[in-house]
Amino acid sequence: QVQLVESGGGLVQAGDSLRLSCAASGRTFRDYVMGWFRQTPGKEREFVAVISRSGESTSYGDSVRGRFTVSRDNAQNTVRLQMNSLRPEDTAVYYCAATDGLYSLRRIHYEYWGQGTQVTVSS
């Protein structure tokens, strides 16, 4: 299995940028499709982005497409989420997730999760 630890969250102003990182340990990192999800109190965990094992394929949620970019470095066992033009509605706890199954946008397909990192965007 794989262990995931997110970092990089914080408090920023609307329009600012932030980069989240997720460090993986355990099994071979390149075996996993990696996803980012976010959650606010009282709401379901929302898909943000996914990246394939090689990094060649990416997909994004409608609300972040064009502003967020997911990338991975298989040599450093790290996946990152570059978030630009942040909005107050991006405020959430952001989770990194991994699956050794299919490339998926659905949270139920991810077996491994980090503890989350808080992102707060003030207006």
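These notes cover the structure that comes with them. (Residues numbered from 1 in each chain as written. Predicted model: local features only at pLDDT ≥ 70, side-chain atom pairs only at ≥ 80, totals over all residues. Heavy atoms only, no water.)

## Observations concerning the state of the cysteines
Tallied over the full model, the rule gives one disulfide. The side chain of Cys-22 participates in a disulfide bridge whose partner is Cys-96; the two sulfur atoms lie 2.1 Å from each other. With the S-S dihedral at roughly -75 degrees, the linkage between Cys-22 and Cys-96 falls on the left-handed side. Remark: Cys-96 occurs in strand S9 (residues 92-99) and Cys-22 occurs in strand S3 (residues 18-26); sequence separation between them is 74 residues. Taken individually, Cys-22 and Cys-96 each receive the classification buried, so the pair is uniform in this respect. (Disulfide = S-S within 2.5 Å. Helix = DSSP H or I, 4+ residues; strand = E, 2+ residues; numbered from the N terminus. Buried < 20%, exposed > 50% of the residue type's maximum accessible area, 1.4 Å probe, protein only.)

## Regarding the side chain of Ser-104
Topologically, Ser-104 is positioned in the loop between S9 and strand S10 (112-113). On the accessibility criterion, Ser-104 (6% relative accessible area) is buried. Side-chain polar atoms of Ser-104 contact the backbone nitrogen of Arg-106, separated by 3.0 Å. Ser-104 has contacts with Val-50, His-109 and Tyr-110, leaving out every residue within four places of it along the chain. (Polar contact = N/O pair within 3.5 Å; in protein donor to acceptor, adjacent residues only side chain to side chain. Contact = heavy atoms within 4.5 Å.)

## Considering the environment of Ser-59
With respect to the secondary-structure elements, Ser-59 resides in strand S6 (residues 58-60). Considered as a pair, Ser-59 and Ser-21 are 38 residues apart in the sequence and their alpha carbons are 17 Å apart. Discounting chain neighbours no more than four positions away, the residues touching Ser-59 are Phe-47, Val-48, Ala-49, Val-50, Tyr-103 and Leu-105. A polar side-chain atom of Ser-59 sits 2.7 Å from a polar atom in the side chain of Tyr-103.

## Focus: the packing of aromatic side chains
Two numbers describe a pair of aromatic rings. These are the distance of the centres and the angle of the planes. In this structure the tally under the stated criterion is six aromatic pairs. Between Phe-37 and Tyr-110, the ring centres sit 5.2 Å apart and the planes meet at 75 degrees, which makes this aromatic pair edge-to-face. Of this pair, Phe-37 sits in strand S4 (residues 33-39) while Tyr-110 sits in the loop between S9 and S10, and the two are 73 residues apart along the sequence. Take Tyr-110: its relative accessible area is 4%, and that puts it in the buried class. Relative to Trp-113, the ring of Phe-37 has its centre 5.1 Å away and its plane inclined at 55 degrees; by these criteria the two rings are tilted. Note that Phe-37 is positioned in strand S4 and Trp-113 in strand S10, a separation of 76 residues in sequence. Exposure remark for Trp-113: the relative accessible area of 28% places this residue in the partly exposed category. By the ring-pair criterion, three or more aromatic residues cluster together here, those being Phe-37, Phe-47, Tyr-95, Tyr-110 and Trp-113. The cationic tip of Arg-45 hangs over the ring face of Tyr-95; the distance from NZ or CZ to the ring centre is 3.7 Å. (Phe/Tyr/Trp six-rings, centres within 6.5 Å; stacked < 30°, edge-to-face > 60°. Lys NZ or Arg CZ within 6 Å of the ring centre and 35° of its normal.)

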